[in-house]
Amino acid sequence: MDVKPRRRDIVIIASAHNPSIMAPQWLKDNSLILEEPIHFVHTPDFSLFESESFSLLVDHQRLQITAKKQDDATLRSLANVASKYVDLLPHIPYQSLGLNFSWSIEMNEGETLPKIGLNINETDLISVFEGHDVHYGGIIYARSEIYALKLVIESQENRLINNFNFHHELKGRSLEDIKQFIGNFSTRSDDSLSILKNLYSLGEKE
(Lines give C-alpha, C1' and ligand atoms only; values in the text may rest on other atoms or scores of the structure.)
Protein backbone atom coordinates (compact mmCIF):
# COMPACT_ATOMS: atom_id res chain seq x y z
CA MET A 1 0.00 0.00 0.00
CA ASP A 2 1.18 3.51 -0.78
CA VAL A 3 0.18 6.68 1.07
CA LYS A 4 -0.05 9.75 -1.15
CA PRO A 5 -0.98 13.32 -0.17
CA ARG A 6 -3.87 14.70 -2.22
CA ARG A 7 -4.69 18.10 -0.75
CA ARG A 8 -3.79 20.30 2.22
CA ASP A 9 -5.47 23.57 3.06
CA ILE A 10 -6.40 26.02 5.79
CA VAL A 11 -9.92 27.44 6.10
CA ILE A 12 -10.74 30.44 8.32
CA ILE A 13 -14.41 31.19 8.91
CA ALA A 14 -15.32 34.73 9.97
CA SER A 15 -18.25 37.10 9.67
CA ALA A 16 -16.39 39.94 7.97
CA HIS A 17 -13.62 38.95 5.58
CA ASN A 18 -12.93 41.69 3.03
CA PRO A 19 -12.39 40.18 -0.44
CA SER A 20 -11.86 43.60 -1.99
CA ILE A 21 -8.39 43.97 -0.40
CA MET A 22 -7.10 40.67 -1.77
CA ALA A 23 -5.22 42.11 -4.72
CA PRO A 24 -1.86 40.64 -5.79
CA GLN A 25 -0.07 43.85 -4.81
CA TRP A 26 -1.64 43.81 -1.32
CA LEU A 27 -0.52 40.19 -0.85
CA LYS A 28 2.98 41.09 -1.99
CA ASP A 29 3.24 44.37 -0.03
CA ASN A 30 2.30 42.54 3.16
CA SER A 31 4.59 39.56 2.46
CA LEU A 32 1.76 37.03 2.37
CA ILE A 33 2.37 35.63 -1.11
CA LEU A 34 5.28 36.98 -3.13
CA GLU A 35 4.71 34.81 -6.21
CA GLU A 36 3.17 36.33 -9.30
CA PRO A 37 -0.46 35.40 -9.99
CA ILE A 38 -1.26 32.81 -12.63
CA HIS A 39 -4.97 33.53 -12.31
CA PHE A 40 -6.73 36.31 -10.44
CA VAL A 41 -10.35 37.38 -9.90
CA HIS A 42 -11.07 40.46 -7.79
CA THR A 43 -14.57 41.65 -6.82
CA PRO A 44 -16.10 43.27 -3.70
CA ASP A 45 -17.76 39.96 -2.76
CA PHE A 46 -15.32 37.32 -3.99
CA SER A 47 -11.61 37.09 -4.76
CA LEU A 48 -9.47 34.30 -6.16
CA PHE A 49 -5.67 34.36 -6.32
CA GLU A 50 -3.72 31.49 -7.81
CA SER A 51 0.07 31.28 -8.08
CA GLU A 52 2.51 28.45 -8.72
CA SER A 53 2.42 27.23 -5.11
CA PHE A 54 -0.86 28.52 -3.65
CA SER A 55 -4.53 29.03 -4.28
CA LEU A 56 -6.37 31.60 -2.16
CA LEU A 57 -10.15 31.93 -2.22
CA VAL A 58 -12.08 34.40 -0.08
CA ASP A 59 -15.61 35.70 0.34
CA HIS A 60 -17.15 37.57 3.28
CA GLN A 61 -17.47 34.43 5.43
CA ARG A 62 -14.70 32.10 4.28
CA LEU A 63 -10.99 32.27 3.51
CA GLN A 64 -9.38 29.14 2.05
CA ILE A 65 -5.65 28.83 1.37
CA THR A 66 -4.56 25.68 -0.46
CA ALA A 67 -1.08 24.31 -1.08
CA LYS A 68 -0.59 23.32 -4.72
CA LYS A 69 2.71 21.64 -3.85
CA GLN A 70 3.15 19.05 -1.10
CA ASP A 71 6.74 19.72 0.00
CA ASP A 72 7.52 20.79 3.57
CA ALA A 73 8.62 24.30 2.60
CA THR A 74 5.30 25.02 0.87
CA LEU A 75 3.34 23.69 3.86
CA ARG A 76 5.29 25.94 6.23
CA SER A 77 4.68 28.89 3.92
CA LEU A 78 0.97 28.06 3.81
CA ALA A 79 0.75 28.33 7.60
CA ASN A 80 2.76 31.57 7.51
CA VAL A 81 0.31 33.11 5.01
CA ALA A 82 -2.65 32.31 7.28
CA SER A 83 -0.84 33.52 10.40
CA LYS A 84 0.20 36.81 8.79
CA TYR A 85 -3.34 37.33 7.54
CA VAL A 86 -4.87 37.22 11.03
CA ASP A 87 -1.99 39.34 12.34
CA LEU A 88 -2.71 42.01 9.72
CA LEU A 89 -6.47 41.92 10.33
CA PRO A 90 -6.93 41.31 14.08
CA HIS A 91 -10.24 43.20 14.16
CA ILE A 92 -12.09 40.57 12.11
CA PRO A 93 -14.44 38.46 14.27
CA TYR A 94 -12.94 35.04 13.59
CA GLN A 95 -15.27 32.12 14.25
CA SER A 96 -13.52 28.86 13.40
CA LEU A 97 -10.43 27.37 11.82
CA GLY A 98 -10.07 24.18 9.81
CA LEU A 99 -6.73 22.48 9.14
CA ASN A 100 -7.46 20.00 6.36
CA PHE A 101 -5.48 17.10 4.96
CA SER A 102 -6.48 14.59 2.30
CA TRP A 103 -4.52 11.36 1.75
CA SER A 104 -5.07 8.40 -0.54
CA ILE A 105 -4.22 4.81 0.34
CA GLU A 106 -3.47 3.12 -2.98
CA MET A 107 -3.06 -0.58 -3.62
CA ASN A 108 -0.08 -2.04 -5.44
CA GLU A 109 -0.49 -4.93 -7.85
CA GLY A 110 -1.75 -8.02 -6.07
CA GLU A 111 -2.92 -6.11 -2.98
CA THR A 112 -6.52 -5.71 -1.85
CA LEU A 113 -8.16 -2.83 -0.04
CA PRO A 114 -8.13 -2.99 3.77
CA LYS A 115 -11.38 -4.34 5.10
CA ILE A 116 -13.79 -1.77 6.54
CA GLY A 117 -16.73 -3.31 8.37
CA LEU A 118 -20.10 -1.77 9.17
CA ASN A 119 -22.81 -3.13 11.43
CA ILE A 120 -26.08 -1.31 12.12
CA ASN A 121 -28.22 -2.87 14.85
CA GLU A 122 -26.61 -6.26 14.02
CA THR A 123 -28.01 -6.06 10.48
CA ASP A 124 -26.23 -7.94 7.70
CA LEU A 125 -25.75 -5.11 5.24
CA ILE A 126 -24.71 -7.43 2.43
CA SER A 127 -28.18 -8.97 2.45
CA VAL A 128 -29.84 -5.54 2.69
CA PHE A 129 -28.07 -4.46 -0.50
CA GLU A 130 -28.35 -7.79 -2.31
CA GLY A 131 -27.61 -7.39 -6.01
CA HIS A 132 -25.30 -4.43 -5.43
CA ASP A 133 -21.53 -4.14 -5.40
CA VAL A 134 -21.07 -2.87 -1.82
CA HIS A 135 -18.06 -0.83 -0.61
CA TYR A 136 -17.78 0.54 2.91
CA GLY A 137 -16.39 3.88 4.00
CA GLY A 138 -16.94 5.69 7.23
CA ILE A 139 -16.87 8.86 9.32
CA ILE A 140 -14.88 9.01 12.55
CA TYR A 141 -15.25 11.83 15.09
CA ALA A 142 -12.56 12.36 17.73
CA ARG A 143 -12.27 15.31 20.11
CA SER A 144 -9.26 16.66 22.00
CA GLU A 145 -8.94 19.70 24.26
CA ILE A 146 -7.75 21.75 21.29
CA TYR A 147 -9.75 20.56 18.27
CA ALA A 148 -12.56 18.36 17.03
CA LEU A 149 -11.35 15.90 14.37
CA LYS A 150 -13.55 14.57 11.61
CA LEU A 151 -12.10 11.83 9.41
CA VAL A 152 -14.08 10.80 6.33
CA ILE A 153 -12.98 7.58 4.61
CA GLU A 154 -14.24 6.92 1.08
CA SER A 155 -13.71 3.76 -0.96
CA GLN A 156 -12.87 4.33 -4.65
CA GLU A 157 -11.98 1.27 -6.73
CA ASN A 158 -8.39 0.39 -5.75
CA ARG A 159 -7.86 3.16 -3.20
CA LEU A 160 -9.21 4.71 -0.03
CA ILE A 161 -9.54 8.50 0.28
CA ASN A 162 -9.00 9.82 3.81
CA ASN A 163 -10.10 13.40 4.48
CA PHE A 164 -9.05 14.92 7.81
CA ASN A 165 -10.59 18.10 9.24
CA PHE A 166 -9.09 19.45 12.46
CA HIS A 167 -11.73 21.97 13.56
CA HIS A 168 -10.90 24.75 16.05
CA GLU A 169 -13.47 27.07 17.60
CA LEU A 170 -12.10 30.63 17.63
CA LYS A 171 -14.85 32.62 19.31
CA GLY A 172 -13.43 34.21 22.44
CA ARG A 173 -9.90 33.15 21.56
CA SER A 174 -7.01 35.61 21.61
CA LEU A 175 -5.05 36.45 18.49
CA GLU A 176 -2.08 34.55 19.92
CA ASP A 177 -4.22 31.46 20.42
CA ILE A 178 -5.41 31.62 16.81
CA LYS A 179 -1.88 32.02 15.50
CA GLN A 180 -0.72 29.10 17.64
CA PHE A 181 -3.47 26.87 16.21
CA ILE A 182 -2.41 27.85 12.69
CA GLY A 183 1.25 27.32 13.60
CA ASN A 184 0.42 23.70 14.43
CA PHE A 185 -0.45 23.03 10.77
CA SER A 186 2.63 20.85 10.13
CA THR A 187 2.08 19.02 13.42
CA ARG A 188 -1.53 18.23 12.50
CA SER A 189 -0.32 17.01 9.10
CA ASP A 190 2.07 14.64 10.89
CA ASP A 191 -0.77 13.59 13.21
CA SER A 192 -3.01 12.71 10.26
CA LEU A 193 -0.27 10.58 8.70
CA SER A 194 0.38 8.85 12.02
CA ILE A 195 -3.33 8.04 12.34
CA LEU A 196 -3.29 6.51 8.85
CA LYS A 197 -0.26 4.38 9.64
CA ASN A 198 -1.99 3.03 12.72
CA LEU A 199 -5.35 2.50 11.01
CA TYR A 200 -3.86 0.60 8.09
CA SER A 201 -0.87 -0.97 9.89
CA LEU A 202 1.60 0.74 7.59
CA GLY A 203 4.56 0.87 9.98
CA GLU A 204 7.11 3.44 8.85
CA LYS A 205 6.24 3.23 5.16
CA GLU A 206 4.91 6.48 3.72
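Here, the structure is the one placed above.
Residues numbered from 1 in each chain as written. Predicted model: local features only at pLDDT ≥ 70, side-chain atom pairs only at ≥ 80, totals over all residues. Heavy atoms only, no water.

(A) Summary view of the packing of aromatic side chains. Under the definition given, this model contains four aromatic pairs. Between Phe164 and Phe166 the ring centres are 6.3 Å apart and the planes differ by 10 degrees, which places this aromatic pair in the stacked class. By relative accessible area, Phe164 is classed as buried at 2%. The class of Phe166 is buried, set by a relative accessible area of 0%. Through successive ring pairs, a cluster of aromatic residues spans Phe101, Tyr147, Phe164, Phe166 and Phe185. (Phe/Tyr/Trp six-rings, centres within 6.5 Å; stacked < 30°, edge-to-face > 60°. Buried < 20%, exposed > 50% of the residue type's maximum accessible area, 1.4 Å probe, protein only.)

(B) Local environment of the pairing of strand 3 (residues 46-50). In the sheet, strand 2 (residues 39-42) pairs with strand 3 via four bridges, with the strands oriented antiparallel. Bridging from a neighbouring strand, His42 pairs with Ser47 of strand 3. Between strand 2 and strand 3, which follow one another and run antiparallel, lie three residues. Bridge analysis of strand 3 against strand 4 (residues 54-59) gives five bridges, and the strand direction is antiparallel. Residue pairing in the sheet places Phe46 in a bridge with Asp59 of strand 4. In this antiparallel pair of consecutive strands, strand 3 and strand 4, the connection spans three residues. (Pairing = 2+ DSSP bridges. Helix = DSSP H or I, 4+ residues; strand = E, 2+ residues; numbered from the N terminus.)

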